Protein chains: 6
Amino acid sequence: MPFVTIDVTREGVTRAQKQQLIAGVTQLITDVLNKDPQLTHVMINEVELDNWGVGGEQVSVLREQGITADKKS
Amino acid sequence: MPFVTIDVTREGVTRAQKQQLIAGVTQLITDVLNKDPQLTHVMINEVELDNWGVGGEQVSVLREQGITADKKS
Amino acid sequence: MPFVTIDVTREGVTRAQKQQLIAGVTQLITDVLNKDPQLTHVMINEVELDNWGVGGEQVSVLREQGITADKKS
Amino acid sequence: MPFVTIDVTREGVTRAQKQQLIAGVTQLITDVLNKDPQLTHVMINEVELDNWGVGGEQVSVLREQGITADKKS
Amino acid sequence: MPFVTIDVTREGVTRAQKQQLIAGVTQLITDVLNKDPQLTHVMINEVELDNWGVGGEQVSVLREQGITADKKS
Amino acid sequence: MPFVTIDVTREGVTRAQKQQLIAGVTQLITDVLNKDPQLTHVMINEVELDNWGVGGEQVSVLREQGITADKKS
(Lines give C-alpha, C1' and ligand atoms only; values in the text may rest on other atoms or scores of the structure.)
Protein backbone atom coordinates (compact mmCIF):
# COMPACT_ATOMS: atom_id res chain seq x y z
CA MET A 1 0.00 0.00 0.00
CA PRO A 2 2.73 2.53 -0.48
CA PHE A 3 1.81 6.05 -1.46
CA VAL A 4 4.60 8.27 -2.76
CA THR A 5 4.40 12.05 -3.11
CA ILE A 6 7.03 13.90 -5.13
CA ASP A 7 7.05 17.66 -4.52
CA VAL A 8 9.09 19.41 -7.20
CA THR A 9 9.37 22.93 -8.56
CA ARG A 10 7.37 23.57 -11.74
CA GLU A 11 10.19 24.00 -14.22
CA GLY A 12 9.14 22.22 -17.37
CA VAL A 13 8.97 18.62 -16.21
CA THR A 14 7.75 16.77 -19.30
CA ARG A 15 5.12 14.10 -19.53
CA ALA A 16 7.83 11.56 -20.36
CA GLN A 17 9.88 12.55 -17.30
CA LYS A 18 6.80 12.16 -15.11
CA GLN A 19 6.27 8.71 -16.58
CA GLN A 20 9.90 7.81 -15.80
CA LEU A 21 9.48 8.98 -12.21
CA ILE A 22 6.25 7.02 -11.74
CA ALA A 23 7.63 3.84 -13.31
CA GLY A 24 10.97 4.14 -11.53
CA VAL A 25 9.59 4.74 -8.05
CA THR A 26 7.08 1.93 -8.42
CA GLN A 27 9.77 -0.48 -9.59
CA LEU A 28 12.05 0.54 -6.71
CA ILE A 29 9.34 -0.13 -4.14
CA THR A 30 8.50 -3.46 -5.75
CA ASP A 31 12.18 -4.45 -5.68
CA VAL A 32 12.99 -3.26 -2.15
CA LEU A 33 9.74 -4.00 -0.30
CA ASN A 34 8.31 -6.76 -2.53
CA LYS A 35 5.02 -4.87 -2.86
CA ASP A 36 2.40 -5.57 -5.50
CA PRO A 37 2.85 -2.60 -7.88
CA GLN A 38 -0.93 -2.34 -8.34
CA LEU A 39 -1.09 -1.10 -4.73
CA THR A 40 1.58 1.57 -5.19
CA HIS A 41 0.39 5.05 -6.05
CA VAL A 42 2.68 7.94 -7.02
CA MET A 43 1.62 11.59 -7.02
CA ILE A 44 3.73 14.39 -8.50
CA ASN A 45 3.06 17.84 -7.07
CA GLU A 46 4.53 20.69 -9.14
CA VAL A 47 5.05 23.89 -7.17
CA GLU A 48 5.36 27.43 -8.55
CA LEU A 49 8.80 29.00 -8.08
CA ASP A 50 7.32 31.82 -5.99
CA ASN A 51 5.86 29.21 -3.62
CA TRP A 52 9.04 27.30 -2.76
CA GLY A 53 11.85 28.61 -0.61
CA VAL A 54 15.22 27.34 0.47
CA GLY A 55 17.64 29.12 2.77
CA GLY A 56 14.93 31.72 3.37
CA GLU A 57 14.78 32.80 -0.28
CA GLN A 58 12.17 32.20 -2.97
CA VAL A 59 13.33 29.84 -5.71
CA SER A 60 12.07 32.34 -8.29
CA VAL A 61 14.55 34.87 -6.91
CA LEU A 62 17.34 32.31 -6.84
CA ARG A 63 16.68 31.49 -10.50
CA GLU A 64 16.79 35.21 -11.40
CA GLN A 65 20.21 35.24 -9.76
CA GLY A 66 21.30 32.36 -11.95
CA ILE A 67 21.26 29.82 -9.13
CA THR A 68 19.90 26.48 -10.29
CA ALA A 69 19.23 23.15 -8.63
CA ASP A 70 21.01 21.31 -11.42
CA LYS A 71 23.39 18.51 -10.68
CA LYS A 72 26.96 19.72 -10.70
CA SER A 73 28.58 18.26 -13.78
CA MET B 1 -8.77 19.59 15.38
CA PRO B 2 -8.96 17.12 12.56
CA PHE B 3 -7.54 18.08 9.21
CA VAL B 4 -8.53 15.94 6.24
CA THR B 5 -6.81 15.97 2.85
CA ILE B 6 -8.48 14.32 -0.13
CA ASP B 7 -6.12 13.74 -3.07
CA VAL B 8 -8.10 12.92 -6.20
CA THR B 9 -7.45 12.98 -9.92
CA ARG B 10 -8.73 16.08 -11.72
CA GLU B 11 -11.56 14.59 -13.74
CA GLY B 12 -14.43 17.02 -13.59
CA VAL B 13 -15.29 16.98 -9.90
CA THR B 14 -18.09 19.54 -9.64
CA ARG B 15 -18.54 22.23 -7.03
CA ALA B 16 -21.56 20.35 -5.69
CA GLN B 17 -19.57 17.12 -5.36
CA LYS B 18 -16.85 18.97 -3.46
CA GLN B 19 -19.50 20.36 -1.14
CA GLN B 20 -20.85 16.84 -0.57
CA LEU B 21 -17.36 15.57 0.24
CA ILE B 22 -16.67 18.44 2.67
CA ALA B 23 -20.04 18.12 4.41
CA GLY B 24 -19.89 14.33 4.52
CA VAL B 25 -16.38 14.02 5.91
CA THR B 26 -17.07 16.67 8.53
CA GLN B 27 -20.28 14.94 9.61
CA LEU B 28 -18.51 11.58 9.78
CA ILE B 29 -15.78 12.97 12.03
CA THR B 30 -18.35 14.68 14.24
CA ASP B 31 -20.30 11.42 14.55
CA VAL B 32 -17.36 9.07 15.12
CA LEU B 33 -15.01 11.27 17.17
CA ASN B 34 -17.51 13.73 18.68
CA LYS B 35 -15.47 16.68 17.41
CA ASP B 36 -16.74 20.23 17.13
CA PRO B 37 -17.24 20.61 13.36
CA GLN B 38 -15.90 24.18 13.48
CA LEU B 39 -12.48 22.67 14.22
CA THR B 40 -12.56 20.26 11.28
CA HIS B 41 -10.95 21.42 8.06
CA VAL B 42 -11.16 19.54 4.75
CA MET B 43 -8.88 20.20 1.77
CA ILE B 44 -9.44 18.71 -1.68
CA ASN B 45 -6.33 18.42 -3.85
CA GLU B 46 -7.06 17.76 -7.52
CA VAL B 47 -4.17 16.17 -9.40
CA GLU B 48 -3.54 16.22 -13.15
CA LEU B 49 -3.79 12.79 -14.80
CA ASP B 50 -0.17 12.99 -15.97
CA ASN B 51 0.90 13.49 -12.36
CA TRP B 52 -0.69 10.43 -10.79
CA GLY B 53 0.45 6.87 -11.30
CA VAL B 54 -0.77 3.47 -10.21
CA GLY B 55 0.89 0.17 -10.98
CA GLY B 56 3.77 2.14 -12.49
CA GLU B 57 1.61 3.75 -15.18
CA GLN B 58 0.33 7.31 -15.58
CA VAL B 59 -3.41 7.62 -15.08
CA SER B 60 -3.59 9.67 -18.31
CA VAL B 61 -2.26 6.64 -20.18
CA LEU B 62 -4.65 4.31 -18.38
CA ARG B 63 -7.57 6.53 -19.36
CA GLU B 64 -6.42 6.53 -23.02
CA GLN B 65 -6.54 2.74 -22.77
CA GLY B 66 -10.12 2.94 -21.54
CA ILE B 67 -9.26 1.95 -17.99
CA THR B 68 -11.28 3.96 -15.48
CA ALA B 69 -11.43 4.13 -11.70
CA ASP B 70 -15.20 3.86 -11.75
CA LYS B 71 -17.03 1.63 -9.37
CA LYS B 72 -17.88 -1.68 -10.98
CA SER B 73 -21.60 -1.72 -11.51
CA MET C 1 -7.53 6.73 -7.09
CA PRO C 2 -8.43 8.89 -4.15
CA PHE C 3 -6.06 9.05 -1.22
CA VAL C 4 -7.41 10.49 2.03
CA THR C 5 -5.28 11.59 4.97
CA ILE C 6 -6.92 12.27 8.33
CA ASP C 7 -4.69 14.19 10.74
CA VAL C 8 -6.12 14.01 14.25
CA THR C 9 -4.80 14.54 17.76
CA ARG C 10 -3.80 11.34 19.58
CA GLU C 11 -6.51 11.23 22.23
CA GLY C 12 -7.58 7.62 22.53
CA VAL C 13 -9.09 6.99 19.11
CA THR C 14 -10.05 3.31 19.27
CA ARG C 15 -9.52 0.64 16.65
CA ALA C 16 -13.28 0.54 16.09
CA GLN C 17 -13.45 4.29 15.56
CA LYS C 18 -10.62 4.09 13.02
CA GLN C 19 -12.52 1.36 11.21
CA GLN C 20 -15.63 3.57 11.16
CA LEU C 21 -13.62 6.46 9.71
CA ILE C 22 -12.02 4.26 7.03
CA ALA C 23 -15.30 2.62 6.04
CA GLY C 24 -17.24 5.89 6.14
CA VAL C 25 -14.81 7.94 4.07
CA THR C 26 -14.50 5.19 1.48
CA GLN C 27 -18.26 4.86 1.21
CA LEU C 28 -18.66 8.64 0.87
CA ILE C 29 -16.14 8.78 -1.98
CA THR C 30 -17.78 5.84 -3.71
CA ASP C 31 -21.18 7.52 -3.40
CA VAL C 32 -20.14 11.04 -4.43
CA LEU C 33 -17.46 10.32 -7.04
CA ASN C 34 -18.51 6.82 -8.15
CA LYS C 35 -14.98 5.51 -7.51
CA ASP C 36 -14.08 1.84 -7.19
CA PRO C 37 -13.51 1.48 -3.43
CA GLN C 38 -10.54 -0.83 -4.04
CA LEU C 39 -8.68 2.23 -5.37
CA THR C 40 -9.43 4.40 -2.35
CA HIS C 41 -6.84 4.48 0.41
CA VAL C 42 -7.33 6.15 3.80
CA MET C 43 -4.50 6.98 6.19
CA ILE C 44 -5.05 8.15 9.78
CA ASN C 45 -2.22 10.19 11.26
CA GLU C 46 -2.40 10.57 15.05
CA VAL C 47 -0.49 13.57 16.38
CA GLU C 48 0.81 14.10 19.92
CA LEU C 49 -0.88 16.95 21.79
CA ASP C 50 2.44 18.79 22.18
CA ASN C 51 2.84 18.71 18.39
CA TRP C 52 -0.44 20.35 17.37
CA GLY C 53 -1.30 23.98 17.86
CA VAL C 54 -4.34 26.14 17.25
CA GLY C 55 -4.58 29.86 17.86
CA GLY C 56 -0.85 29.83 18.62
CA GLU C 57 -1.21 27.48 21.61
CA GLN C 58 -0.28 23.82 22.04
CA VAL C 59 -3.28 21.52 22.30
CA SER C 60 -1.67 19.89 25.35
CA VAL C 61 -1.81 23.27 27.10
CA LEU C 62 -5.40 23.85 25.99
CA ARG C 63 -6.39 20.47 27.40
CA GLU C 64 -4.70 21.31 30.74
CA GLN C 65 -6.87 24.43 30.76
CA GLY C 66 -9.96 22.28 30.28
CA ILE C 67 -10.50 23.35 26.69
CA THR C 68 -11.60 20.44 24.52
CA ALA C 69 -12.43 19.98 20.85
CA ASP C 70 -15.65 18.19 21.69
CA LYS C 71 -18.84 18.94 19.89
CA LYS C 72 -20.97 21.39 21.83
CA SER C 73 -23.94 19.45 23.11
CA MET D 1 16.44 19.29 7.52
CA PRO D 2 13.11 20.83 8.29
CA PHE D 3 10.48 20.93 5.59
CA VAL D 4 7.55 23.28 6.12
CA THR D 5 4.28 23.17 4.17
CA ILE D 6 1.87 26.10 4.39
CA ASP D 7 -1.62 25.28 3.08
CA VAL D 8 -3.60 28.47 2.56
CA THR D 9 -6.67 29.49 0.59
CA ARG D 10 -5.93 31.15 -2.76
CA GLU D 11 -7.08 34.69 -2.01
CA GLY D 12 -4.55 37.00 -3.57
CA VAL D 13 -1.42 36.21 -1.60
CA THR D 14 1.21 38.39 -3.22
CA ARG D 15 4.75 37.47 -4.19
CA ALA D 16 6.04 39.77 -1.45
CA GLN D 17 3.84 38.09 1.17
CA LYS D 18 5.11 34.68 0.09
CA GLN D 19 8.66 35.95 0.45
CA GLN D 20 7.86 37.19 3.96
CA LEU D 21 6.40 33.80 4.90
CA ILE D 22 9.42 31.92 3.52
CA ALA D 23 11.95 34.23 5.17
CA GLY D 24 10.04 34.36 8.45
CA VAL D 25 9.52 30.63 8.85
CA THR D 26 13.14 29.90 7.96
CA GLN D 27 14.38 32.47 10.47
CA LEU D 28 12.08 31.07 13.16
CA ILE D 29 13.39 27.54 12.64
CA THR D 30 16.97 28.76 12.66
CA ASP D 31 16.35 30.65 15.90
CA VAL D 32 14.40 27.94 17.74
CA LEU D 33 16.10 24.78 16.49
CA ASN D 34 19.52 26.17 15.50
CA LYS D 35 19.20 24.63 12.03
CA ASP D 36 21.32 25.61 9.05
CA PRO D 37 18.85 27.67 6.96
CA GLN D 38 20.23 26.12 3.75
CA LEU D 39 18.62 22.85 4.87
CA THR D 40 15.20 24.38 5.53
CA HIS D 41 12.68 24.22 2.70
CA VAL D 42 9.30 25.99 2.73
CA MET D 43 6.46 25.16 0.35
CA ILE D 44 3.30 27.26 0.03
CA ASN D 45 0.25 25.43 -1.27
CA GLU D 46 -2.59 27.71 -2.41
CA VAL D 47 -5.99 26.04 -2.41
CA GLU D 48 -9.07 27.10 -4.38
CA LEU D 49 -11.96 28.31 -2.21
CA ASP D 50 -14.23 25.54 -3.53
CA ASN D 51 -11.66 22.99 -2.35
CA TRP D 52 -11.37 24.01 1.31
CA GLY D 53 -14.03 23.48 3.92
CA VAL D 54 -14.45 24.38 7.55
CA GLY D 55 -17.38 23.48 9.75
CA GLY D 56 -18.70 21.37 6.88
CA GLU D 57 -19.06 24.35 4.51
CA GLN D 58 -17.01 25.39 1.46
CA VAL D 59 -14.95 28.50 2.02
CA SER D 60 -16.28 29.89 -1.27
CA VAL D 61 -19.78 29.74 0.19
CA LEU D 62 -18.63 31.31 3.45
CA ARG D 63 -17.05 34.18 1.51
CA GLU D 64 -20.29 34.72 -0.45
CA GLN D 65 -22.00 35.03 2.94
CA GLY D 66 -19.48 37.70 3.93
CA ILE D 67 -17.64 35.47 6.39
CA THR D 68 -13.90 36.03 6.22
CA ALA D 69 -10.89 34.53 7.95
CA ASP D 70 -9.51 37.97 8.73
CA LYS D 71 -8.10 38.76 12.10
CA LYS D 72 -10.66 40.47 14.30
CA SER D 73 -9.53 44.05 14.68
CA MET E 1 14.58 20.97 -4.57
CA PRO E 2 12.53 17.82 -4.72
CA PHE E 3 10.98 16.49 -1.55
CA VAL E 4 9.71 12.91 -1.61
CA THR E 5 7.39 11.37 0.98
CA ILE E 6 6.93 7.60 1.07
CA ASP E 7 3.90 6.50 3.12
CA VAL E 8 4.09 2.78 3.84
CA THR E 9 2.52 0.40 6.33
CA ARG E 10 4.70 -0.41 9.34
CA GLU E 11 5.49 -4.04 8.63
CA GLY E 12 9.13 -4.55 9.50
CA VAL E 13 10.87 -2.32 6.98
CA THR E 14 14.54 -2.65 7.91
CA ARG E 15 17.14 0.08 8.17
CA ALA E 16 18.85 -1.33 5.10
CA GLN E 17 15.63 -1.26 3.09
CA LYS E 18 15.06 2.35 4.09
CA GLN E 19 18.57 3.17 2.94
CA GLN E 20 17.86 1.47 -0.41
CA LEU E 21 14.67 3.50 -0.82
CA ILE E 22 16.41 6.78 0.02
CA ALA E 23 19.38 6.09 -2.25
CA GLY E 24 17.20 4.75 -5.07
CA VAL E 25 14.71 7.60 -5.12
CA THR E 26 17.47 10.20 -4.97
CA GLN E 27 19.34 8.56 -7.84
CA LEU E 28 16.15 8.35 -9.90
CA ILE E 29 15.45 12.05 -9.45
CA THR E 30 19.03 12.93 -10.28
CA ASP E 31 18.86 10.81 -13.43
CA VAL E 32 15.43 11.94 -14.66
CA LEU E 33 15.40 15.61 -13.60
CA ASN E 34 19.15 16.31 -13.44
CA LYS E 35 18.78 17.65 -9.89
CA ASP E 36 21.67 18.13 -7.46
CA PRO E 37 21.15 15.21 -5.03
CA GLN E 38 22.12 17.43 -2.09
CA LEU E 39 18.83 19.27 -2.64
CA THR E 40 16.70 16.11 -2.66
CA HIS E 41 15.15 15.05 0.62
CA VAL E 42 13.31 11.77 1.18
CA MET E 43 11.02 11.08 4.14
CA ILE E 44 9.63 7.64 4.98
CA ASN E 45 6.40 7.64 6.98
CA GLU E 46 5.54 4.25 8.52
CA VAL E 47 1.85 3.85 9.33
CA GLU E 48 0.29 1.43 11.82
CA LEU E 49 -1.88 -1.27 10.21
CA ASP E 50 -4.94 -0.07 12.14
CA ASN E 51 -4.44 3.40 10.62
CA TRP E 52 -4.43 2.46 6.92
CA GLY E 53 -7.42 1.32 4.96
CA VAL E 54 -8.02 0.15 1.42
CA GLY E 55 -11.35 -0.80 -0.05
CA GLY E 56 -12.98 0.44 3.15
CA GLU E 57 -11.20 -2.12 5.34
CA GLN E 58 -8.34 -1.71 7.84
CA VAL E 59 -5.10 -3.29 6.68
CA SER E 60 -4.77 -4.96 10.10
CA VAL E 61 -8.01 -6.79 9.40
CA LEU E 62 -6.90 -7.69 5.87
CA ARG E 63 -3.67 -9.18 7.27
CA GLU E 64 -5.65 -11.23 9.82
CA GLN E 65 -7.57 -12.60 6.84
CA GLY E 66 -4.30 -13.59 5.19
CA ILE E 67 -4.48 -10.86 2.55
CA THR E 68 -1.06 -9.33 1.93
CA ALA E 69 0.26 -6.55 -0.31
CA ASP E 70 3.06 -8.76 -1.57
CA LYS E 71 3.96 -8.89 -5.19
CA LYS E 72 2.32 -11.84 -6.91
CA SER E 73 5.09 -14.29 -7.69
CA MET F 1 -7.64 28.90 7.31
CA PRO F 2 -3.95 28.21 7.07
CA PHE F 3 -2.64 24.81 8.01
CA VAL F 4 1.11 24.51 8.57
CA THR F 5 3.04 21.24 8.73
CA ILE F 6 6.61 21.22 10.05
CA ASP F 7 8.51 18.02 9.23
CA VAL F 8 11.66 17.80 11.32
CA THR F 9 14.06 15.06 12.37
CA ARG F 10 13.40 13.63 15.84
CA GLU F 11 16.45 14.95 17.67
CA GLY F 12 15.29 16.08 21.07
CA VAL F 13 12.99 18.96 20.19
CA THR F 14 11.64 20.05 23.57
CA ARG F 15 8.09 20.91 24.50
CA ALA F 16 9.13 24.55 24.91
CA GLN F 17 10.70 24.62 21.44
CA LYS F 18 7.53 23.18 19.95
CA GLN F 19 5.54 25.89 21.70
CA GLN F 20 7.89 28.53 20.26
CA LEU F 21 7.42 27.11 16.76
CA ILE F 22 3.63 27.01 17.09
CA ALA F 23 3.39 30.52 18.52
CA GLY F 24 5.91 31.95 16.07
CA VAL F 25 4.39 30.50 12.93
CA THR F 26 0.90 31.54 13.97
CA GLN F 27 2.06 35.08 14.71
CA LEU F 28 3.88 35.25 11.37
CA ILE F 29 0.77 34.22 9.45
CA THR F 30 -1.36 36.67 11.38
CA ASP F 31 1.11 39.47 10.63
CA VAL F 32 1.69 38.69 6.95
CA LEU F 33 -1.75 37.46 5.86
CA ASN F 34 -3.95 39.15 8.48
CA LYS F 35 -5.56 35.81 9.36
CA ASP F 36 -7.54 35.16 12.52
CA PRO F 37 -5.09 33.07 14.59
CA GLN F 38 -7.96 30.85 15.80
CA LEU F 39 -8.17 29.50 12.24
CA THR F 40 -4.45 28.70 11.97
CA HIS F 41 -3.39 25.18 12.84
CA VAL F 42 0.23 24.03 13.15
CA MET F 43 1.31 20.39 13.15
CA ILE F 44 4.85 19.24 13.99
CA ASN F 45 5.85 15.89 12.53
CA GLU F 46 9.00 14.40 14.07
CA VAL F 47 10.74 11.87 11.84
CA GLU F 48 13.16 9.13 12.91
CA LEU F 49 16.73 9.62 11.65
CA ASP F 50 16.60 6.32 9.75
CA ASN F 51 13.52 7.59 7.90
CA TRP F 52 14.92 10.85 6.51
CA GLY F 53 17.48 11.11 3.77
CA VAL F 54 19.35 13.93 2.09
CA GLY F 55 21.80 13.57 -0.77
CA GLY F 56 20.85 9.90 -0.95
CA GLU F 57 22.06 9.13 2.58
CA GLN F 58 20.15 8.41 5.78
CA VAL F 59 20.41 11.18 8.35
CA SER F 60 21.25 8.55 11.00
CA VAL F 61 24.35 7.65 8.98
CA LEU F 62 25.25 11.31 8.49
CA ARG F 63 25.02 11.86 12.24
CA GLU F 64 27.29 8.84 12.89
CA GLN F 65 29.77 10.54 10.58
CA GLY F 66 29.56 13.68 12.68
CA ILE F 67 27.61 15.63 10.07
CA THR F 68 24.93 17.79 11.69
CA ALA F 69 22.26 20.16 10.39
CA ASP F 70 23.30 22.82 12.86
CA LYS F 71 23.61 26.41 11.83
CA LYS F 72 27.19 27.28 11.00
CA SER F 73 28.41 29.55 13.76
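The shown structure was predicted, so the numbers you read here are calculated from the model rather than taken from an experiment.

Parameters at a glance
- Residues numbered from 1 in each chain as written.
- Chains lettered and ligands numbered in written order.
- Predicted model: local features only at pLDDT ≥ 70, side-chain atom pairs only at ≥ 80, totals over all residues.
- Heavy atoms only, no water.
- UniProt positions renumbered as here; feature names shortened; annotations may be inferred.
- Helix = DSSP H or I, 4+ residues; strand = E, 2+ residues; numbered from the N terminus.
- Phe/Tyr/Trp six-rings, centres within 6.5 Å; stacked < 30°, edge-to-face > 60°.
- Buried < 20%, exposed > 50% of the residue type's maximum accessible area, 1.4 Å probe, protein only.
- Pairing = 2+ DSSP bridges.
- Contact = heavy atoms within 4.5 Å.
- Axes fitted to C-alpha atoms, helices over the stretch in contact; angles between N-to-C directions.
- Least-squares fit on C-alpha atoms with pLDDT ≥ 70 in both.

Explanation requested: the UniProt feature "domain: 4-oxalocrotonate tautomerase-like" (unreviewed entry) in chain A in the structure shown.
As annotated by UniProt and renumbered to match this structure, "domain: 4-oxalocrotonate tautomerase-like" (unreviewed entry) occupies residues 2-60 of chain A. As annotated, residues 2-60 of chain A has a helix share of 36% and a strand share of 32%, and its two end C-alpha atoms lie 32 Å apart.

Where do I start with the packing of aromatic side chains in this structure?
Geometrically, a pair of aromatic rings is defined through the distance of the ring centres and the angle of the planes. Inspection of every chain in the model, using the stated rule, returns nine aromatic pairs over all chains. Ring geometry for phenylalanine 3 of chain E and tryptophan 52 of chain F: centres 5.8 Å apart, planes at 70°, overall edge-to-face. Of this pair, phenylalanine 3 of chain E sits in strand E1 (residues 3-9) while tryptophan 52 of chain F sits in strand E3 (residues 52-54), each in a different chain. In this structure, phenylalanine 3 of chain E and tryptophan 52 of chain F share a single accessibility class: buried. Through a chain of ring-to-ring contacts, three or more aromatic side chains come together here, namely Phe3 of chain A, Trp52 of chain B, Phe3 of chain C together with Trp52 of chain E.

I'm lost on the sheet that holds strand E1 (residues 3-9) of chain D in this one. Help?
Within a sheet, adjacent strands bond to each other through the backbone by hydrogen bonds, running parallel or antiparallel. Overall, mixed pairing links the eight strands, which are arranged E4(A)-E3(A)-E2(D)-E1(D)-E1(F)-E2(F)-E3(C)-E4(C) in an open sheet. Both outer strands of the open sheet, strand E4 (57-58) of chain A together with strand E4 (57-58) of chain C, are each paired with one neighbouring strand and no more. Here three bridges tie strand E3 (residues 52-54) of chain A to strand E2 (residues 41-47) of chain D, and the two strands are oriented antiparallel to one another. Its bridge partner being in E2 of chain D, tryptophan 52 of chain A is matched across the sheet by methionine 43 of chain D. The strands touched by helix H1 (residues 15-33) of chain D within the sheet are E3 and E4 of chain A, E1 and E2 of chain D together with strand E1 (3-9) of chain F, with E2 of chain D carrying the most contacts at an inclination of about 140°. Contacting strand E3 (52-54) and E4 of chain C, E1 of chain D together with E1 and strand E2 (41-47) of chain F, helix H1 (residues 15-33) of chain F crosses the sheet at an angle of about 140° to E2 of chain F.

Looking at this structure, how should I read the relation of the copies chain D and chain E?
The two chain copies are related to each other by a rotation about an axis together with a translation along it. Once turned by 180° and shifted 0.0 Å along the axis, chain D lies on chain E with an RMSD of 0.0 Å. Taken together, the rotation angle and the small translation identify this as a two-fold axis.

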